[in-house]
Every structure is written in C-alpha cells, then in structure tokens.
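Now for the letters of each chain:
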Amino acid sequence: MTARLVYVMDPMCSWCWGFAPVLDALARQAEAAGVGLHLVVGGLRSEHSPMDAAGRERIQSYWRAVEQATGQRFDYQAGMPAGFVYDTERACRALVAARLLDVAAVLPLAHGIQQAFYLQGSDTGSAPVLVDLAEGVGLARDAFAERFDSLEALEQTRADFAWAQNLGIAGFPTLLAERDGQLALLTNGYQPLERLSPLLARWLEQGAHA
C-alpha cells in the first residue's frame, strides 16, 4: 500500500503563502504516520507585459484579504516593483528542478520563494534570484542552474500544469490525499489547520486499518 499527500500550489500564489504554516503542520502530521508529501506546481499566471499601477493595486487587495484571513505578512511597499511581469512559470520550474535534484529541498525552496516574493519584494521570476534561493536551501548552484534550464525540467513543469488542469483543479492551494492511486480531496482553497487536521487524521486512520 502506498500513500502520500499531493500538494498542488504555485509559489507566487498569495493564498498558498497564507496556507504555508497550515501545510507545514499537516505535512508533519502525515510524516509522523509515515506518509510523505509530493508537491505539484499548478501554474497560476502567465503574463507577458509589466504590471501597471491598477493591476498592482488589484493584486495587493488580494494580499490584504489573505493577510486578514491567515495572519501571514506581506510587504506592500516592496512587492511587485515597477516593471514587474507576473509570470509564475519560472518559479514553478525552479521547484520542479529542485524535485529532480533532491526531493527534500522542494518544500524549503517553495517557502524561500514565497518569503522572497511576499516579504522582500524580490523578482522571483528571475533566474538569478531563483538560483540564489536554491543555493540558500542547500542545492549546488551549478547543478541547479543546469537542471533549471534543462528540457526535462521544462517538460515536467508543463506535465504538472496539465495534470492539475486535467483534474479540474482551478484554484490553489489544493491538497489531496492519495492511497493506492485513489485521490481524496482534503481542501481546494485555504482552510485553517483546525478544520483540516481532523480530516487528515481520519484519512490516516483509515489507512492504518486497511
């Protein structure tokens, strides 16, 4: 019997940033029962032009809603500076590259990208920024940069996007519990830990008695 949590997210999705502490707690709860976490990138936005002032204000209104609901902080002054292009493909591909190199580095890198984007105003669509962040979680710069630029990482990123779309997952964060190929939805969208932890506990208990 195989079991895992499947976390579908985008590191530049504000609700995923809000969900980060909840996800960490759920991952620890699952790990204590011998169940690991697999991260799938969803591909939130693919813009090609710099964001204008109206777009920045609209996005930051979402950030305020996330902050109010979850308590996660944002740097509104530094976030999305002039010239920022809101394309999340590279940030997603960075997580796939990390997954190809060291699965244990994926979640730390996701958190690193989130912190850089939401708390430091970094352009996490920039390859050099992503290489720095990957090095910060223990991945070798050259190995990461090579894998990030590889056709394999590009194809697996697109495969992740397609997998989420084929399941009809349109919003992030989405957390699934998978046992022997069967998927159960724990949440589509943000939910607090006190609501999700009992759901996960029941699913883990069912597996223990299977």
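No experiment lies behind these values; they were computed from the predicted model shown.

J.: Help me out: how do you make sense of the environment of Phe19 in this one?
T.: Structurally, Phe19 can be placed in helix H1 (residues 14-32). The sequence separation of Phe19 and Leu193 amounts to 174 residues, and the corresponding C-alpha distance is 9.0 Å. Discounting chain neighbours no more than four positions away, the residues touching Phe19 are Tyr7, Leu26, Pro173, Thr187, Tyr190, Gln191 and Leu196.

J.: I tried to follow the packing of helix H3 (residues 89-101) against helix H6 (residues 141-148) on my own but got confused; where do I start?
T.: Relative orientation and spacing of two packed helices are given, respectively, by the angle between their axes and the distance between those axes. Close contact between H3 and H6 brings their axes to 9 Å; oriented N to C, the two are set at 120°. Put simply, H3 runs oblique to H6. Between H3 and H6 lies a crossing of right-handed hand. Listed contacts from H6 to Arg90, Arg93, Ala94, Ala97, Ala98, Leu100 and Leu101 of H3 are Ala143, Phe144, Arg147 and Phe148. Residues belonging to the contact of H3 with H6 are distributed by class as follows: 8 nonpolar, no polar and 3 charged.

J.: I'm lost on the pattern of salt bridges in this one. Help?
T.: Any two side chains of opposite charge can pair, given that their charged atoms come close. Counted by the stated rule, this structure contains 6 salt bridges. Across the pair Arg4 and Glu178 runs a salt bridge whose closest N-O atoms are separated by 2.7 Å. In this pair, Arg4 sits in strand E1 (residues 3-9) while Glu178 sits in strand E3 (residues 174-179), placing the two residues 174 residues apart along the sequence. Given the relative accessible area of 16%, Glu178 is considered buried. Here Arg141 and Asp132 are joined by a salt bridge, their closest N and O atoms 2.6 Å apart. Looking at Asp132, the relative accessible area reads 42%, which means it is partly exposed. What you see here is one network of salt bridges that share partners, running through Asp132, Glu135 and Arg141.

J.: So what exactly am I meant to see when it comes to the side chain of Glu178 here?
T.: A distance of 2.7 Å separates a polar atom in the side chain of Glu178 from a polar atom in the side chain of Arg4. Not counting the four nearest positions on each side in its chain, Glu178 is found in contact with Thr2, Ala3, Arg4, Val6, Leu183 and Trp203.

J.: Please clarify how the sheet that holds E1 should be interpreted in this entry.
T.: Hydrogen bonding along the main chain pairs the strands of a sheet, whether they run parallel or antiparallel. Spatial strand order, E2-E1-E3-E4: 4 strands in an open sheet with mixed pairing. A single partner strand is all that each edge strand has here, and the edge strands are strand E2 (36-41) and strand E4 (182-188). Averaged over all adjacent pairs, the angle separating strand axes in this sheet is 25°, with direction ignored. In this fold H3 packs onto E1 and E2, with an angle of close to 140° to the strand it touches most, E2. On the sheet, helix H4 (residues 106-119) packs against E1 and E2 and is oriented at approximately 50° with respect to E2.

J.: It is not clear to me how helix H2 (residues 53-70) should be interpreted in this structure. Could you clarify?
T.: Because each turn of an α-helix spans 3.6 residues, side chains separated by three or four positions end up pointing in the same direction. Along its 18 residues, H2 runs 25 Å from first to last C-alpha, staying within 8% of the 26 Å computed at 1.5 Å per residue. Residues Gly55, Ile59, Gln60, Trp63 and Val66 constitute the buried set of H2. Seen end-on, H2 carries its buried residues on one side only, within an arc spanning 125°. When the buried face of H2 is taken as reference, the exposed residues oriented beyond 90 degrees from it are Ala53, Ala54 and Gln68. On its buried side, H2 packs onto H1 and H4.

About the criteria used
Residues numbered from 1 in each chain as written. Predicted model: local features only at pLDDT ≥ 70, side-chain atom pairs only at ≥ 80, totals over all residues. Heavy atoms only, no water. Helix = DSSP H or I, 4+ residues; strand = E, 2+ residues; numbered from the N terminus. Contact = heavy atoms within 4.5 Å. Axes fitted to C-alpha atoms, helices over the stretch in contact; angles between N-to-C directions. Parallel < 35°, antiparallel > 145°, perpendicular 65-115°, else oblique. Left-handed = near helix turned anticlockwise from the far one by under 90°. Nonpolar A, V, L, I, M, F, W, Y, C, P; charged D, E, K, R; others polar. Salt bridge = Lys/Arg side-chain N within 4 Å of Asp/Glu carboxyl O. Buried < 20%, exposed > 50% of the residue type's maximum accessible area, 1.4 Å probe, protein only. Polar contact = N/O pair within 3.5 Å; in protein donor to acceptor, adjacent residues only side chain to side chain. Pairing = 2+ DSSP bridges. Expected span 1.5 Å × (residues − 1). Arc of directions from axis to C-beta.

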